[in-house]
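Here are the chains, one letter per residue:
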Amino acid sequence: MLVLVAPGQGAQTPGFLTPWLDLPGAADRLAAWSDAIGLDLVHYGTQADADAIRDTAVAQPLLVAAGLLSASALGDIAPGAVAGHSVGEITATAFAGVLSEEAALGFVRTRGLGMAEAAAVTPTGMAALLGGEPETVLPHLEKLGLTPANVNGAGQIVAAGTAEQLAALEADKPEGVRRVVALKVAGAFHTHHMAPAVASLEEAAKSLEVADPRFTYVSNADGKTVASGQDIVARLVNQVSNPVRWDLCMETFDELGATALIELCPGGTLTGLAKRALPGVKTVALKTPADLDAARALIAEHASA
């Protein structure tokens, strides 16, 4: 069973879209999406520096556009399940047919602007904790006033909070944690700090045309499969201020019988987690178009099976 997943914020790097523009029609699609949402995706995906694409209002639409562009390059595929990490869930929603591509990009533009505005209120951020056991790490984060914003499994938890709280974490690591790595994000996403963005997303959701998913859809809120498009959109609204449970998503992939996983552009993060948490599952990360042949071979293998 093949799973298709989309990465979240922090996966972007300067110029990562450049090779994808050589694909037929890619530049035209990006230009049309740029016009639709009022953001030059081509510029930010090919020429902008790391600081420019760290901006939440830029990074989020850029990641969804990259994911959709790479998904279309795979051709007509029917995965056994789809899911996305944080903003990648909007990519998965569009791929599953819950929202049109244009609606998904408009929605993520609203999301990015709202979360950027919320992040500007107080200096906040996120940091990945490498190592440690949840029963030790989680109480330690609570003691420091931090939120376990992403419980990613495979020995990784991402803490989020104020700059002062994150500095305290660096100085006082939980037992068993080897490193604390600051993420390339501009706020404490998936925490109460993002609550102001929920209202703008609730309003935007009212005008969306929503369909039920064409493929099994796994929600990052709790790892459950969700069959209602309206329920999925409601989860998209609420997830900005609630933790991502990618560990539970991977448990669900395992329960569904996953044997392969393809991560859309800019791939790498989720395949890395899968290699540790889902041993034996074949993985392909779409970083550049050079990875498409390996992904297509995996798709063909599962189609024939």
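Our subject is the structure that appears above.
Anyway, here's the lowdown on the structure attached to this text. (Residues numbered from 1 in each chain as written. Predicted model: local features only at pLDDT ≥ 70, side-chain atom pairs only at ≥ 80, totals over all residues. Heavy atoms only, no water.)

Brief notes about helix H5 (residues 88-95)
Burial within H5 is extensive, with 8 of its 8 residues counted as buried. Within H5, the full set of buried residues consists of Gly-88, Glu-89, Ile-90, Thr-91, Ala-92, Thr-93, Ala-94 and Phe-95. Tucked into the core, H5 has its buried residues touching strand S1 (2-6), helix H4 (56-73), strand S2 (81-84), helix H6 (101-119) and helix H10 (229-238). Backbone geometry just after H5 places Gly-97 at a positive phi near 85 degrees. (Buried < 20%, exposed > 50% of the residue type's maximum accessible area, 1.4 Å probe, protein only. Helix = DSSP H or I, 4+ residues; strand = E, 2+ residues; numbered from the N terminus. Contact = heavy atoms within 4.5 Å.)

Some thoughts on the packing of aromatic side chains
Per the stated rule, a full pass over the model turns up 2 aromatic pairs. Summarising the aromatic geometry, the rings of Phe-95 and Phe-215 are spaced 5.5 Å apart at their centres and angled 25 degrees between planes, so their arrangement reads as stacked. In this pair, Phe-95 is assigned in helix H5 and Phe-215 in the loop between helix H9 (195-205) and H10, connecting sequence segments 120 residues apart. For the pair formed by Phe-95 and Phe-215, the shared burial category is buried. Judged by centre distance (5.8 Å) and plane angle (80 degrees), the ring pair of Trp-246 and Phe-253 falls under edge-to-face. With relative accessibility at 1%, the residue Trp-246 sits in the buried group. Judged by relative accessible area, Phe-253 falls into the buried class, the value being 0%. (Phe/Tyr/Trp six-rings, centres within 6.5 Å; stacked < 30°, edge-to-face > 60°.)

Side note on the sheet that holds strand S7 (residues 260-263)
The parallel open sheet is built from 4 strands, whose spatial order is S2-S1-S7-S8. With one partner strand each, in any of the chains shown, S2 and strand S8 (282-285) form the two edges of the open sheet. Strand-to-strand twist of the sheet, defined as the mean angle between neighbouring strand axes without regard to direction, takes the value 15 degrees. Judged from the 4 bridges that link them, S1 and S7 form a sheet pairing that is parallel. (Pairing = 2+ DSSP bridges. Axes fitted to C-alpha atoms, helices over the stretch in contact; angles between N-to-C directions.)

Observations regarding the pairing of strand S4 (residues 147-153)
Among the 7 residues that make up S4, 5 are buried, leaving the element largely enclosed by the rest of the structure. Here S4 pairs with strand S5 (residues 156-162) via 5 bridges, running antiparallel. In the sheet register, Gly-153 faces S5, and the bridge partner there is Gln-156. Turn length for the S4-S5 hairpin, with the two strands adjacent in sequence and antiparallel, is 2 residues, and the turn residue Ala-154 shows positive phi of about 55 degrees.

Things to note about the nonpolar core
Core analysis: the largest hydrophobic core is formed by 77 residues, its most contacted members being Leu-74, Phe-107, Ile-262 and Leu-286. In terms of residue count, H4 provides more of this core than any other element does, 10 residues in total. Leaving out residues up to four positions away in the same chain, Leu-286 has contacts with Trp-20, Ser-70, Leu-74, Ile-262, Glu-263, Leu-264, Cys-265, Pro-266, Gly-267, Asp-291, Leu-292 and Ala-295. Grouped together as the second largest cluster of nonpolar side chains are 17 residues, Val-3, Ala-83, Val-244 and Cys-249 included. (Core = buried A, V, L, I, M, F, W, Y, C linked by side-chain atoms within 4.5 Å.)

Some points on the pattern of salt bridges
Overall, the coordinates contain 10 salt bridges when judged by the stated rule. Across the pair Asp-231 and Arg-235 runs a salt bridge whose closest N-O atoms are separated by 3.4 Å. Pair noted here: Asp-231 and Arg-235 are both in helix H10, with a separation of 4 residues, about one helical turn. The exposure class of Asp-231 is partly exposed, given its relative accessible area of 33%. Of the charged contacts in the structure, one is a salt bridge between Glu-301 and Lys-282, with a shortest N-O distance of 2.8 Å. Here the residue Glu-301 occupies a position in helix H13 (residues 292-304), and Lys-282 occupies one in strand S8, the gap between them amounting to 19 residues. (Salt bridge = Lys/Arg side-chain N within 4 Å of Asp/Glu carboxyl O.)

Considering the packing of H4 against H5
At a minimum axis separation of 9 Å, H4 and H5 run at an interaxial angle of 40 degrees. The angle between H4 and H5 places the two elements in the oblique class. Here H4 runs over H5; the crossing is right-handed. Side by side, H4 and H5 meet where Leu-63, Val-64, Gly-67, Leu-68 and Ala-71 of the first sit next to Ile-90, Thr-91, Ala-94 and Phe-95 of the second. (Parallel < 35°, antiparallel > 145°, perpendicular 65-115°, else oblique. Left-handed = near helix turned anticlockwise from the far one by under 90°.)

A closer look at helix H1 (residues 26-37)
Across its 12 residues, H1 extends 17 Å between first and last C-alpha, which sits within 8% of the 16 Å expected from 1.5 Å per residue. For H1, the full list of buried residues reads Ala-26, Leu-30, Trp-33, Ser-34 and Ile-37. Take H1 and look down its axis: the buried residues cluster within an arc of 105 degrees, on one side only. Along H1, the residues that are exposed and aim more than 90 degrees away from the buried face are Asp-28, Asp-35 and Ala-36. Elements in contact with the buried residues of H1: helix H2 (41-46), H4 and H6. With its phi angle positive at about 70 degrees, Gly-38 sits one or two positions after the end of H1. (Expected span 1.5 Å × (residues − 1). Arc of directions from axis to C-beta.)

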